[in-house]
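Residue-level listing of the chains:
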Amino acid sequence: MSVTDILIALVPALGLGFQVICMQLIGGKYTNKVMGMAIVTLLVGIGVYFIKQPVLTPALWMGAALSGIGFCIGIILQVKSFSLVGVSMTMPISVGEQLVGTALVGAICFREWTNVNQWLLGVGALILIVVGIALTAYQEDSDQGSNFKKGMIYLLISSLGFVAYASFPTAFHLGGWDMVFPQSVAIFITMLILCSFEHDSQLFAVKTWQNMATGVCFAIANLGIIFSNEINGVAVGYTISQLNVVISTLGGLWILHEAKTPKEVRFIITGVILVVAGGVMIGITK
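All values derive from a computational prediction rather than experimental measurement.

Counting its regular elements, the protein chain contains twelve helices and zero strands. The linear arrangement of helices and strands in the protein chain, starting from the amino end, is α-α-α-α-α-α-α-α-α-α-α-α. Relative to the 2.2 N^0.38 estimate, which gives 19 Å for 286 residues, the radius of gyration of the protein chain is 18 Å and therefore close to what a compact globule would have. When its C-alpha atoms are laid out on the principal axes, the protein chain stretches across 55 × 55 × 35 Å. Considering only contacts in the protein chain between residues 6 or more positions apart, those separated by 24 or more positions represent 88%. For the protein chain, the accessible area works out to roughly 12800 Å², and carbon and sulfur atoms hold 70% of it. Each charge class in the protein chain was averaged separately, 12 positive and 12 negative side chains, and the resulting centres sit 3 Å apart.

Attention now goes to the packing of aromatic side chains. Summed over all chains, the structure comprises eleven aromatic pairs. Each residue in the set Y49, F50, W61 and F181 is aromatic and connected to the rest through ring pairs, giving one cluster. The side chain of K52 reaches across the aromatic face of W177, ending 4.9 Å from its centre.

This part takes up the state of the cysteines. Should the sulfur atoms of two cysteines be covalently bonded, the bond is a disulfide. One pass over the structure, following the stated rule, counts zero disulfides. The thiol sulfur of C72 is not disulfide-bonded, and the nearest other cysteine sulfur, from C195, lies at 8.1 Å. No disulfide involves C217; its nearest neighbouring cysteine sulfur is the one of C22, lying 4.6 Å away.

On to the environment of E97. Mapping E97 onto the fold places it in helix α4 (residues 87–108). Separated by 90 residues in the primary sequence, E97 and L7 have C-alpha atoms spaced 26 Å apart.

In this structure, E264 sits in helix α12 (residues 262–285). No salt bridge is formed by the buried E264. Its closest oppositely charged neighbour is K260, at 4.9 Å. Leave out the neighbours within four places in its chain, and E264 touches Y138, Q139, E140 and D141.

What follows covers the side chain of S158. In this fold, S158 is placed in helix α6 (residues 146–171). In this structure S158 touches I73, G74, L77 and Q78, once residues within four positions along its chain are discounted.

This paragraph deals with the packing of α4 against α12. It is the contact of α4 with α12, at a shortest axis distance of 10 Å, that shows an interaxial angle of 25°. The angle between α4 and α12 falls in the class roughly parallel. In this structure, the crossing between α4 and α12 has a hand that is left-handed. Every residue of α12 that contacts α4 at S88, P92, V95, G96, L99 and A103 is listed here: I268, V272, V275, G279 and I282. Here the residues of the contact of α4 with α12 are counted per class, giving eight nonpolar, three polar and no charged.

The grouping of I69, I73, I153, L156, I157, L160 and L194 at the surface amounts to a nonpolar patch, some 600 Å² of accessible area in total. Those elements giving two or more residues to the nonpolar patch turn out to be α3 (58–85) and α6. When residues of the nonpolar patch are assigned to their parent elements, the largest contribution, four residues, is made by α6. Its place among the elements puts L160 in helix α6. You can call L160 exposed: its relative accessible area is 57%.

The next subject is unusual backbone geometry. Backbone geometry at Q53 places phi at a positive 45°, although glycine is not the residue there. Locating Q53 in the fold gives a position in the loop between α2 (30–52) and α3. Residue Q53 is classed as exposed on the basis of its relative accessible area of 57%. Although it is not a glycine, H257 adopts a positive phi angle of roughly 55°. Take H257: it is sitting in the loop between α11 (244–254) and α12.

Over its 22 residues, α4 runs 31 Å from end to end, which matches the ideal 32 Å to within 8%, given 1.5 Å per residue. With 19 of its 22 residues buried, α4 lies for the most part within the structure.

Before going further, it helps to spend a moment on the nonpolar core. Within the largest apolar cluster, 55 residues are counted, with the highest numbers of intra-cluster contacts made by F71, I75, M191, C195 and I282. Here this core gets nine residues from one element, more than from any other, and that element is α4. Here C195 is in contact with Y30, T31, V34, M35, I76, S201 and L203, once residues within four sequence places are set aside.

Definitions and cut-offs
- Residues numbered from 1 in each chain as written.
- Predicted model: local features only at pLDDT ≥ 70, side-chain atom pairs only at ≥ 80, totals over all residues.
- Heavy atoms only, no water.
- Helix = DSSP H or I, 4+ residues; strand = E, 2+ residues; numbered from the N terminus.
- Rg over C-alpha atoms; globule rule 2.2 N^0.38 Å.
- Contact = heavy atoms within 4.5 Å.
- Areas by Shrake-Rupley, 256 points an atom, 1.4 Å probe, with all protein chains shown as cover.
- Lys, Arg positive; Asp, Glu negative; His and termini not counted.
- Charge placed at Lys NZ, Arg CZ, Asp CG, Glu CD.
- Phe/Tyr/Trp six-rings, centres within 6.5 Å; stacked < 30°, edge-to-face > 60°.
- Lys NZ or Arg CZ within 6 Å of the ring centre and 35° of its normal.
- Disulfide = S-S within 2.5 Å.
- Buried < 20%, exposed > 50% of the residue type's maximum accessible area, 1.4 Å probe, protein only.
- Salt bridge = Lys/Arg side-chain N within 4 Å of Asp/Glu carboxyl O.
- Axes fitted to C-alpha atoms, helices over the stretch in contact; angles between N-to-C directions.
- Parallel < 35°, antiparallel > 145°, perpendicular 65-115°, else oblique.
- Left-handed = near helix turned anticlockwise from the far one by under 90°.
- Nonpolar A, V, L, I, M, F, W, Y, C, P; charged D, E, K, R; others polar.
- Patch = residues over 30% accessible without salt bridge, like charges linked within 9 Å, V, L, I, M, F, W, Y side chains within 5 Å.
- Expected span 1.5 Å × (residues − 1).
- Core = buried A, V, L, I, M, F, W, Y, C linked by side-chain atoms within 4.5 Å.

Now the structure itself:
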């Protein structure tokens, strides 16, 4: 594996990690943040369509639409969680839950774990991830308020959405490049509908256009993972992309200056290490 291959594999991790930091620095309502992403996603999808010109079959539209809807539910609730429990807590829990969910769906529904070694490695990975999630959720103040509880519920539902986003393309046997355009259409339309229910949604306010920078980060990550999977294989591409949790979590602590006690910081960093280790182990099983 060359240095170039490693750098390509790191692109999705950098894109997803800085996407979170970027949207929090720009600010605005959650509707501004997700709509900025959706607009850029649609524009990139249109560009990819004219370059790749995929055959848009009913199965492609169906799988891409279900995946896109899952993404919208996932990202909206994840962004809402940022204001409830902070980025440094949200991201490792979110990524950890996604890893557990996609691993279980892959093992049980798609039969990706076919021998004893894969199951032993996979179950060990899931245990590490669950312990890591528990550590990142630790709070020194035992009185965990309504924001914490609401944030954890949002994250659970959000992770289910992201698992659907990751799983439906496999279920419909869809190629990465073929799916970019119909998925982007589904994301834009779904985001528009869901955000319209928000009071004073300000869908196309100034902050929405500024958050197109967030969409650029996501687009780089989305296209980067397709390139990486083609060059490095899914196991390596998937595993290295999970390093985004390191960037986003440390960014929440050091760039966004989220308030944490020294003990909570130690727990969060330890939890992140365990989540990443679990992600690497799951990557090895693929």
